[in-house]
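Coordinate analysis (summary)
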There are 2 protein chains.
Amino acid sequence: MSVITLERKVLEKNDEVAQQNRALFQERGIFVLNLVSSPGSGKTSILERTIEHLAGSVRIGVIEGDVQTDLDAQRIARFNIPVVQLVTNGSCHLDAKLVQDALQHFDLNSIELLIIENVGNLVCPANYDLGEALKVVVVSVTEGDDKPLKYPAMFRNASILIINKIDLLPYVNCSIELLRSNALKINPQLEIFETSCTTNAGIPEWCAWIRRHLKS
Amino acid sequence: MSVITLERKVLEKNDEVAQQNRALFQERGIFVLNLVSSPGSGKTSILERTIEHLAGSVRIGVIEGDVQTDLDAQRIARFNIPVVQLVTNGSCHLDAKLVQDALQHFDLNSIELLIIENVGNLVCPANYDLGEALKVVVVSVTEGDDKPLKYPAMFRNASILIINKIDLLPYVNCSIELLRSNALKINPQLEIFETSCTTNAGIPEWCAWIRRHLKS
């Protein structure tokens, strides 16, 4: 069926550009994370807490991906770090070419950590390599403990799982043990952090992990 | 660019099948809702509360759409109503042909309300007409009040907005007034319900609205 063939061509072309991005990041010693989740899981809030914790000692850049608006880039720009907003205009994921274009707007010598916040979508971004070192999938406890089973590709392709909004656990019908075991059933290699952007719980541990992975 | 052309062909074909579905629903007097949202906004819980409220007096059928698993169909089957699970196997939305295939498994003479729960995705399902009477978009207060601005297509194409999990309002950083006004900025025609599947708040009003729209 022609759709599948074309989709494969699109993905092959994407993988080619992703490899170019990856080679550039390695050459410049930049550690790159691709942050993915459903809309509203707290990607931007995690970014804000991460920047607060690391800024001053780590040189951070951010690429914001959204279907519409630059609301997220505005939130990040308050921290006076380089940020580029990519507006996909209806498209449901970032791709490697969009990221490549965004890189033109950075001074790559002044960055050692680049965090790419993808479009809020737990399905489509799973298939698009951006050239990142690894994918970080965020799920909030308000979404329920069954999400890894229902959206397995994203959890299979990620290296890190951040379970966010744990301050809301007393008020929602979600077992964090079941969420963890469902995620590990899909991907036994997942490294898991539990965070709250309201209480700051887990943010120091997550930032310590980032720090250990910086190349410089 | 060839992708866009093919995508247009796919959408044209989809619209054709959607019209066949719509004609069938009208002929049989079935009121059909297409329930869309992010993963974890509470579509299945709203369905459960709706069935509890209407079963006995309204003849309901359900089509469950998921990327993987039949967990949601299992939840609905407990109510002893006809339910068909569609597993998209990685695809990010239902389409009209999948729904047409699912209809073979129903006795259409015994249904007056068909609720289709789409794949959890606030982007892609916006473009795929299934033949429904109208789209119902669900957003939970835990996702934040900016979602209509960031994912406008879904809110533009929906007729109803259900703001869910209002019992969590005291614990999250979300203004329900701002959420409402952002949604109405995108689509001034939206009819809005506020619900909690934990306290049952808003469910009687939502079900009364459904009852008024049944054809029989």
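Quick summary incoming for the structure in this document. (Residues numbered from 1 in each chain as written. Chains lettered and ligands numbered in written order. Predicted model: local features only at pLDDT ≥ 70, side-chain atom pairs only at ≥ 80, totals over all residues. Heavy atoms only, no water.)

Before going further, it helps to spend a moment on helix α4 (residues 96–103) of chain A. Since one α-helical turn is 3.6 residues long, residues separated by three or four positions face the same way. Residues and elements named next belong to chain A. Taken together, the buried positions of α4 are Ala96, Val99, Gln100, Ala102 and Leu103. Viewed along the axis of α4, the buried residues span an arc of 160°, placing them on a single side of the element. Backbone nitrogen of Lys97 and a side-chain oxygen of the N-cap are separated by 3.2 Å at the start of α4; the cap is Asp95. (Buried < 20%, exposed > 50% of the residue type's maximum accessible area, 1.4 Å probe, protein only. Helix = DSSP H or I, 4+ residues; strand = E, 2+ residues; numbered from the N terminus. Arc of directions from axis to C-beta. Polar contact = N/O pair within 3.5 Å; in protein donor to acceptor, adjacent residues only side chain to side chain.)

Residue and element names in this part refer to chain B. Spatially, the seven strands line up as an open sheet ordered β3-β2-β4-β1-β5-β6-β7, and their pairing is parallel. A single partner strand is all that each edge strand has here, and the edge strands are β3 (83–87) and β7 (191–194). For this sheet the average axis-to-axis angle between neighbouring strands, irrespective of direction, equals 20°. As judged from the four bridges shared by strand β6 (residues 160–164) and β7, these two strands associate in the parallel manner. Paired with Ile162 across the two strands is Phe193, which belongs to β7. Lying over the sheet, helix α4 (residues 96–103) contacts β2 (60–66), β3 and β4 (113–117), oriented at roughly 145° with respect to β3. (Pairing = 2+ DSSP bridges. Axes fitted to C-alpha atoms, helices over the stretch in contact; angles between N-to-C directions. Contact = heavy atoms within 4.5 Å.)

Using the criterion set out here, one finds 28 salt bridges over all chains in the structure. For Asp146 of chain A, the salt bridge goes to Lys150 of chain A, with nearest N and O atoms at 3.9 Å. Comparing Asp146 of chain A with Lys150 of chain A shows no difference in burial state: the two are buried. Put simply, Asp66 and Asp72 of chain A together with Asp146, Lys147 and Lys150 of chain B are held in one network by salt bridges that share partners. (Salt bridge = Lys/Arg side-chain N within 4 Å of Asp/Glu carboxyl O.)

Residue and element names in this part refer to chain B. Relative to the helices and strands, Ser140 resides in strand β5 (residues 134–140). At 2.8 Å, the side chain of Ser140 forms a polar contact with the side chain of Thr142. Only 2.9 Å separates the side chain of Ser140 from the side chain of Glu143, close enough to count as a polar contact. Here Ser140 is in contact with Ser41, Asn164 and Lys165, once residues within four sequence places are set aside.

Below, the discussion takes up the pairing of strand β1 (residues 31–37) of chain A. Residues and elements named next belong to chain A. The element β1 is extensively covered by neighbouring structure, given that seven of its seven residues are classed as buried. Across five bridges, β1 lies against strand β5 (residues 134–140) in parallel orientation. By the bridge assignment for β5, Leu35 is matched with Val136.

So, on to the pairing of strand β1 (residues 31–37) of chain B. All names here are of chain B. Side chains Phe31, Leu33, Leu35 and Ser37 project from β1 onto one buried face, and the interleaved Val32, Asn34 and Val36 project onto a second face that is buried too. Bridge count between β1 and β4: five bridges; the pairing is parallel. Each bridged residue has a counterpart across the sheet, and for Val32 the counterpart in β4 is Leu114.

Attention shifts here to the nonpolar core. The biggest cluster of nonpolar side chains holds 51 residues, and the ones touching the most others in it are Leu161 of chain A together with Leu161 and Ile163 of chain B. Only β5, α6 (152–157), β6 (160–164) and α7 (176–186) of chain A together with β5, α6 (152–157), β6 and α7 (176–186) of chain B provide two or more residues apiece to this core. Those residues in contact with Leu161 of chain A that lie beyond four places of it in its chain are Val137, Val139, Phe155, Ala183, Leu190, Glu191, Ile192 and Phe193 of chain A. Counting 28 residues, the second largest nonpolar core, distinct from the first, contains Ile51, Ile115, Leu134 and Leu214 of chain A. (Core = buried A, V, L, I, M, F, W, Y, C linked by side-chain atoms within 4.5 Å.)

The full count for this structure, using the stated rule, is one cavity of 30 Å³ or more. Considering the residues around the largest cavity, the lining is formed by Pro39, Gly40, Ser41, Ser140, Thr142 and Glu143 of chain A together with Pro39, Gly40, Ser140, Thr142, Glu143 and Lys165 of chain B. Its residues placed into classes, the lining of the largest cavity shows two nonpolar, seven polar and three charged. (1 Å grid on protein atoms, 1.4 Å probe; cavity = no way out; pocket = protein on both sides within 12 Å on 5 of 7 lines; lining within 4 Å. Points joined across faces, edges and corners; volume = space filled by probe spheres on them. Nonpolar A, V, L, I, M, F, W, Y, C, P; charged D, E, K, R; others polar.)

So, on to the relation of the copies chain A and chain B. The transformation that overlays chain A on chain B combines an axial shift of 0.0 Å with a rotation of 180°, and the residual RMSD is 0.0 Å. Viewed as a symmetry operation, the transformation between the two copies matches a two-fold axis. By residue overlap, the copies meet face to face through one surface: 100% of the interface positions of chain A are interface positions in chain B. (Least-squares fit on C-alpha atoms with pLDDT ≥ 70 in both.)

Following the criterion strictly, the structure yields nine aromatic pairs over all chains and no others. Seen from their ring centres, Tyr171 of chain A and Tyr171 of chain B are 3.5 Å apart, and the 5° between their planes marks the pair as stacked. Here Tyr171 of chain B lies in the loop between β6 and α7 and Tyr171 of chain A lies in the loop between β6 and α7, a pairing that spans two chains. With a centroid separation of 5.7 Å and an interplanar angle of 70°, the aromatic rings of Phe193 of chain A and Trp206 of chain A are classed as edge-to-face. Of the two residues, Phe193 of chain A sits in strand β7 (residues 191–194) while Trp206 of chain A sits in helix α8 (residues 203–213), which places them 13 residues apart along the sequence. Considered together, Phe193 of chain A and Trp206 of chain A belong to a single accessibility category, that of buried residues. Taken together, the ring pairs connect Phe31, Phe193, Trp206 and Trp209 of chain A into an aromatic cluster. (Phe/Tyr/Trp six-rings, centres within 6.5 Å; stacked < 30°, edge-to-face > 60°.)

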